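Overview (structure and organization)
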Amino acid sequence: MKTLLKSFVIASAVFMLGASFVSCSKKTDEKKASASSYKVAMITDSGDITDESFNQTTYEAGKAFCEANGLQYKYYKPAGDSDSDRIAAAEQAIAEGANLLLCPGFLFGGTVVEISATYPDVKIVALDLSAGDILSAAVSDYTWDPSQYDVKEHYHSENVYCAIYKEELSGYLAGYAAVKMGFRHLGFLGGMAVPAVVRYGYGYVQGINDAAKEINAAKDIVVEYVYGNQFYGDADITAYMDTWAAKKVEVVFACGGGIWTSAAEVAKKNGNMKIIGVDVDQKNTIDSYGAGMTVTSAMKGLAATVKSVLTETILKDNWAAFSGKIETLGLVSDKPVENYVALAPSTVWTDSFKEADYLALVKKMYTGEIKVSSDIAKEPAADVKVNYYGNIK
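Calculation rules
Residues numbered from 1 in each chain as written. Predicted model: local features only at pLDDT ≥ 70, side-chain atom pairs only at ≥ 80, totals over all residues. Heavy atoms only, no water. Pairing = 2+ DSSP bridges. Helix = DSSP H or I, 4+ residues; strand = E, 2+ residues; numbered from the N terminus. Axes fitted to C-alpha atoms, helices over the stretch in contact; angles between N-to-C directions. Phe/Tyr/Trp six-rings, centres within 6.5 Å; stacked < 30°, edge-to-face > 60°. Buried < 20%, exposed > 50% of the residue type's maximum accessible area, 1.4 Å probe, protein only. Polar contact = N/O pair within 3.5 Å; in protein donor to acceptor, adjacent residues only side chain to side chain. Contact = heavy atoms within 4.5 Å. Core = buried A, V, L, I, M, F, W, Y, C linked by side-chain atoms within 4.5 Å. Left-handed = near helix turned anticlockwise from the far one by under 90°. Nonpolar A, V, L, I, M, F, W, Y, C, P; charged D, E, K, R; others polar.

1. Observations regarding the sheet that holds strand β12 (residues 341–343)
Read across the open sheet, the seven strands follow the order β12-β10-β9-β8-β6-β7-β13; overall the sheet is mixed. The two strands at the open ends of the sheet, each matched to only one other strand, are β12 and β13 (385–391). Put simply, the sheet's adjacent strands are angled 15° from each other on average, direction ignored. Across six bridges, the pairing between strand β6 (residues 185–190) and strand β7 (residues 222–227) is parallel. Across the sheet, F188 pairs through a bridge with Y225, a residue of β7.

2. A look at the packing of aromatic side chains
Summed over all chains, the structure comprises 21 aromatic pairs. Judged by centre distance (6.1 Å) and plane angle (40°), the ring pair of F188 and Y204 falls under tilted. On the criterion of sequence distance, the pair formed by F188 in strand β6 and Y204 in helix α7 (residues 195–214) is long-range, its members being 16 residues apart. What makes F188 buried here is its relative accessible area of 0%.

3. Some remarks on the sheet that holds strand β4 (residues 123–127)
Pairing within the open sheet is parallel, and its six strands lie in the order β2-β1-β3-β4-β5-β11. Every interior strand has two partners, whereas the edge strands, β2 (72–76) and β11 (326–329), have only one. The sheet shows a mean angle of 20° between the axes of neighbouring strands, taken without regard to direction. Bridge analysis of strand β1 (residues 39–43) against strand β3 (residues 100–104) gives three bridges, and the strand direction is parallel. Counterpart to A41 in the pairing with β3 is L101.

4. As for the side chain of K300
Position of K300 relative to the elements: it lies in strand β10 (residues 294–300). Within the structure, the side chain of K300 is placed 2.9 Å from the side chain of D128, a separation counted as a polar contact. Among residues more than four places away in sequence, those in contact with K300 are F54, D128, Y165, E167, A196, Y200, D279 and Y340.

5. Quick notes on the nonpolar core
Counting 47 residues, the largest nonpolar core has L186, F188, Y204, I221 and F253 as the members making the most contacts within it. In terms of residues, this core owes the most to one element, α7, which gives nine residues. Residues in contact with I221, not counting those within four places in the same chain, are V179, R184, L186, I208, A212, V384 and K385. Core analysis: the next-biggest nonpolar cluster, separate from the first, contains 28 residues, I49, L71, Y165 and V306 among them.

6. With respect to the packing of helix α6 (residues 167–180) against helix α12 (residues 355–367)
Contact geometry of α6 with α12 gives a least axis separation of 12 Å together with a crossing angle of 140°. Considering only the axes of α6 and α12, their crossing is right-handed. On α12, the residues that touch L169, Y172, L173 and Y176 of α6 are Y358, L361, V362 and M365. Broken down by class, the residue content of the contact of α6 with α12 amounts to eight nonpolar, no polar and no charged.

7. A closer look at unusual backbone geometry
One non-glycine residue, N229, lies in positive phi territory at about 65°. Summarising the element assignment, N229 is placed in the loop between β7 and α8 (235–246). N229 sits in the partly exposed class, given a relative accessible area of 35%. One non-glycine residue, D279, lies in positive phi territory at about 75°. Note on placement: D279 falls in strand β9 (residues 274–279). D279 sits in the buried class, given a relative accessible area of 8%.

Following this line, the structure appears as structure tokens:
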């Protein structure tokens, strides 16, 4: 009897173990089947996938993920720079089978509003797209105060994830580093004065100011601050940068699409002006105008965001972690490599600002010892002299 009971227990255990293996195998197969059902498409905003900025970073991150996981992937460039063009590109992608769209940049507000409602089964990952960007596309008399609205009333949020970034932190890092590196006459050349660009600029001023106070140099530092009112360089912006060269501006944080080209052209002629890049590590691109021109770049973690969202959504079948969220990403660790805002790996360290100093700075910001304001309603208080010029045109 004992022998029969023992045999029954062993058999039951083996059966249960086998059932567990079958169950696990079934779940694995289901996840694989779910993953293989995805076709990913990336829509460019007003540029293309060679812009060394949002489009290229997003495209390459999506491509790397899809190639590694055997998924179909394609990018679509709109015929022009309008909501209707971007919507048409998204609809073309969907017509060709895409069911997850990567959309980088604030210009996709209208696309998200239209596509999310028309195609509720298509998932949209919008990078650097805020509630304000969605509302400005959906509300004709929008007041630019998102707190006055329920943004979810204006788009089909369940199939959309929006990631925005704490640009003020990247800007702060760049400004602080520039002063510690020895620059005393600094410039900020913004694109259009949209919230993301303003946060970069105001963070930059805060970083400059804090570093100046630390080394008792506030009275020696001047900041020139202007917006081009566009996201590309041209003859007018270049002429304006010539005036900064004449003032002996030493370093310019060029922040906004391709507007950096005007600063780089002047830096090439001048020979003494340096450039700080933005959004991605722009050293290779900017340095094509002159070796050693780029000091650093104030980066956003677009590639990390793409990888994280695609991994969770496609490989782990966990879209619920992102559905309906407009998530602000910044420092999640005292280690720069793990964060969504950082200085570029190509930063040119100096004797007065070493990599160890940067790591210590990030740690202080992560622990809250250093606080950076995200307020863009008013210019940040500063002990250094800041000359605000508004828009060039």
